[in-house]
Amino acid sequence: MTLQSTHGEQQDIGVESDLLDGLGADALTVLIGLGADIVWLVDETGIVRHVHYRNRELDVYGLSSVVGKPLRDSVTGESIPKIDALLGPTTKQRPVRGYQVNHSAPGQPDLPIAYSAGRTPGFPLTIVVGHEMRRQMQDQQRLVEAQIAMEADYRDLRQAEARYRTVFKMSETAHLVLDGEKRTVLEANAAAVQLLLGGTGNLTGKPVRDFFKKADRDRLADAIGEAKHSGEPVDIFALHGAKGGEIDARLRAYREYGATNLIVTLQPGPAGDQPLAHRAATVANVTDFDLDLLPEAALTTDKDGTLLAANTIFLDRVHAPTHNQVLGRNLANWLGKSAVEMNVLYGRLFDERTISGFSSIVTDMLGEESPVSLSARYDDRSGMVHLLVVSHSDTADKIALQPPATQEQAEGFASLVGKVPLKELIRESLDVVEKICIEAALDKTRNNRASAAEMLGLSRQSLYIKLRRHGLENYRPGS
C-alpha cells in the first residue's frame, strides 16, 4: 500500500490493499496508534469517524465525544485555521513538522498536539496522526524562565558593576589597580590621575614606576614585591611624584583569575605634616619608653585617634599577628561600640588632659567583645594621646545601673504596692531610668543631640520625641 502524505511525497508502508480492507477502521487506528499518541480518521467533509489514543489522562479533553463531529470543533479558536489547512488540498505547502494545535477543556491547561495527515488512493478516510507536546512545552517554558532569570541576574550584575565603577571613579581618594606581574596600571580613578599627572591624562597600561622619580622607584618595587608575597598591607611614605610633591601609598594584594594583582591607595603628603612612619619615630623620641614594659595594653595615637604605637599585649588582645595590621588605623576599629564613644573620650581628654576609669569595650579581629577600662593622657607638647587598656577581671564589680531615684522616691514606689498594678509601677520606673540615661548621654556629648542619639542607639527623631516626653527639650549639661 502506498500512502500519500500531506507533505506531498509517496510513502510505501508495505500493506496490501485487501489486508487494509480486512483490518477495518478500528483495527487500523489501533495499529497506527502504536507509533502515535492520537489517531483520527476523518472523512472528506472533515467529520471524525474514528479516534484512538492510549493515554487515559486525555479523557478530560473529551476527544471521544468528537466522533461524528467536525475535527475543527475540538480545538481552540486560533487552531481552527490550522485544522482547515491540514485537511485541505495536498497541493499546499505543509510544514515539515506538521501543525501544532491546541485542544481545550474546562479547568485544564490547553493540550498541545503536533498533527500530520495522510491519504491513500482507494481509502475514503484521511488519517490524522498526532504527537503530544506537553513535555516539550514544559521544557520550553523552563528554558524561557531560565533565560529570563539569567538575564535578570546579568542585569543586576551589570548594575552592580556600574555602581562600584562609579564609586571607584568618583572617590576622592586616589586608587590604582596594578597588574602584579607587569606592574602596569589596570585601572585608575580621577583622583589618581589628578594626583600623579596634575590634570587630565591616561594612566592605564603604563608602568607605575614612571609616575615617580628615579630615586624612589626601587623602594616602590620592593614594596610591591613585599605586598605580593606577605599578604598584608604595605605602607610606603614620602614617595616623590614625577610631577612633584610627596605621596604616601598603601599596597594590598588580591587574587584575580589565578594572578596576584594589587590595589594601591595614594595620599598626598601635606606640607609640614609628617608621614606616619616619621610620626611613629617621633613617638619613640618623645616617650623614650618601651611600651612592651607595661603590664597592660598600651597605645599611642595622634589627636585624630590614628594608632602610632602599640605594645604586644594590645596585639594579643585584638588577635593581630603584626603591628602592620593595627598601625595607621583609627582606634575606633577596636575600642568603643561606635566612633562617637571615642569622640566623646577625646573631647573630654582635650579639656581635662587626663582621664581614668572610662568604661568601654574592646573588639578583637574575630569580632569578640570584652569590657575594658581606659585611662588616657593628652600631651600638649607632642600632640600625642597615650592610653592604657585595662581588662575587667572576673572578680571585678560589674557595671550596674545606679539606683534611679533617692531613698524617699524608692519608698514612694514601695508605698504604691497594692494600690497600683505592678505593670504601672514598672512602666514608671523605666521612664525614670530612661530619663537618667538620656541626661547622661547629653552630659557626655556636651549636649550634642546627634552624638547622644547614636550613643543611645536611637534615631535623632526618636531622641527628640523622648526629650519632649521627659521635658528635656531645654536641657543643658550640669543643669
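Up top is the structure these notes are about.
Residues numbered from 1 in each chain as written. Predicted model: local features only at pLDDT ≥ 70, side-chain atom pairs only at ≥ 80, totals over all residues. Heavy atoms only, no water.

Per the secondary structure count, the protein chain includes 12 helices and 17 strands. Counting only residues that meet the buried cut, the protein chain has 36% of its 479 residues in that class. Within the protein chain, contacts between residues separated by at least 24 positions form 44% of all contacts whose residues are at least 6 apart in sequence. Carbon and sulfur atoms make up 52% of the accessible area of the protein chain, which totals about 28,200 Å². (Helix = DSSP H or I, 4+ residues; strand = E, 2+ residues; numbered from the N terminus. Buried < 20%, exposed > 50% of the residue type's maximum accessible area, 1.4 Å probe, protein only. Contact = heavy atoms within 4.5 Å. Areas by Shrake-Rupley, 256 points an atom, 1.4 Å probe, with all protein chains shown as cover.)

Right, let's get into the pattern of salt bridges. Taken as a whole, this structure holds 15 salt bridges when the rule is applied. Its salt-bridge partner being Glu-132, residue Arg-134 comes within 2.5 Å of it at the nearest N-O pair. On the basis of relative accessible area, Arg-134 is assigned to the partly exposed category, the value being 25%. By relative accessible area, which is 17% here, Glu-132 ends up buried. (Salt bridge = Lys/Arg side-chain N within 4 Å of Asp/Glu carboxyl O.)

Another aspect to go through is the pairing of strand S7 (residues 126–132). Among the 7 residues that make up S7, 6 are buried, leaving the element largely enclosed by the rest of the structure. The turn linking strand S6 (residues 108–119) back onto S7 is made up of 6 residues, and Gly-122 within it adopts a positive phi angle of 85°. (Pairing = 2+ DSSP bridges.)

Turning our eyes to something else, we now look at the environment of Lys-169. Within the fold, Lys-169 resides in helix H3 (residues 134–170). Overall, the relative accessible area of 35% leaves Lys-169 in the partly exposed class. Taking the C-alpha atoms as reference points, Lys-169 and Ala-190, separated by 21 residues in sequence, lie 5.9 Å from one another. Ignoring any residue separated from it by four or fewer positions in sequence, one finds Lys-169 in contact with Glu-187, Ala-188, Asn-189 and Ala-190. Among the polar contacts listed, one links the side chain of Lys-169 to the backbone oxygen of Ala-188, at a separation of 3.1 Å. (Polar contact = N/O pair within 3.5 Å; in protein donor to acceptor, adjacent residues only side chain to side chain.)

Right, let's talk about the pairing of strand S10 (residues 234–240) for a bit. With 5 of 7 residues buried, S10 is to be regarded as a mostly interior element. Summarising the sheet, S10 and strand S11 (residues 246–256) pair through 5 bridges and their orientation is antiparallel. Bridging from a neighbouring strand, Leu-239 pairs with Ile-247 of S11. What sits between S10 and S11 in their antiparallel hairpin is a turn of 5 residues, with Gly-244 showing a positive phi close to 100°.

This part covers the environment of Leu-262. With respect to the secondary-structure elements, Leu-262 resides in strand S12 (residues 259–268). Among the residues examined, Leu-262 registers a relative accessible area of 0% and is labelled buried. As for Leu-262 and Lys-228, which are separated by 34 residues in sequence, their C-alpha atoms are 7.5 Å apart. Every residue in contact with Leu-262, bar those within four places of it in the chain, is listed here: Leu-176, Val-177, Leu-178, Gly-180, Ile-224, Ala-227, Lys-228, Leu-251, Arg-252, Ala-253 and Tyr-254.

An order of S9-S8-S12-S11-S10 is seen for the 5 strands of this open sheet, with the pairing classed as antiparallel. The sheet is open, and its two borders are formed by strand S9 (185–188) and S10, each paired with just one other strand. Neighbouring strand axes in the sheet, compared pairwise and without regard to direction, differ in orientation by 25° on average. In the sheet, S11 pairs with S12 via 10 bridges, with the strands oriented antiparallel. Counted as the bridge partner of Asp-248 is Gln-267 from S12. Sitting on the sheet, H3 touches strand S8 (174–178) and S9, and the angle it makes with S9 is about 85°. (Axes fitted to C-alpha atoms, helices over the stretch in contact; angles between N-to-C directions.)

On to the packing of aromatic side chains. A complete count under the given rule lists 3 aromatic pairs for this structure. For the ring pair Tyr-346 and Phe-350, a centre distance of 6.0 Å and an interplane angle of 85° mean the geometry is edge-to-face. Of this pair, Tyr-346 and Phe-350 are both found in helix H8 (residues 339–352), 4 residues apart, which corresponds to roughly one turn of the helix. Here Tyr-346 falls in the buried class, since its relative accessible area comes to 6%. Ring centres of Phe-350 and Tyr-378 lie 4.9 Å apart, and the angle between their planes is 65°; this geometry places the pair in the edge-to-face category. Note that Phe-350 is positioned in helix H8 and Tyr-378 in strand S16 (residues 369–379), a separation of 28 residues in sequence. On the accessibility criterion, Phe-350 (28% relative accessible area) is partly exposed. Connected via pairs of aromatic rings, a cluster forms that spans Tyr-346, Phe-350 and Tyr-378. The lysine or arginine in question, Lys-444, covers the ring of Phe-358, its NZ or CZ lying 6.0 Å from the ring centre. (Phe/Tyr/Trp six-rings, centres within 6.5 Å; stacked < 30°, edge-to-face > 60°. Lys NZ or Arg CZ within 6 Å of the ring centre and 35° of its normal.)

Its identity as a non-glycine residue notwithstanding, Tyr-257 has a phi of 50°, on the positive side. On the secondary structure map, Tyr-257 appears in the loop between S11 and S12. The exposed category is assigned to Tyr-257, whose relative accessible area is 84%.

Strand order in the open sheet formed by 5 strands is S14-S13-S17-S16-S15, and the pairing between neighbours is antiparallel. In this open sheet, the two edge strands, each paired with only one partner strand, are strand S14 (307–310) and strand S15 (354–363). If you compare each strand with its neighbour and ignore which way they point, the axes differ by 30° on average. The sheet contact formed by S16 and strand S17 (residues 384–391) spans 8 bridges and is antiparallel. Its bridge partner lying in S17, Arg-377 is registered against His-386.

Any functional reading would require information that these geometric values do not contain.
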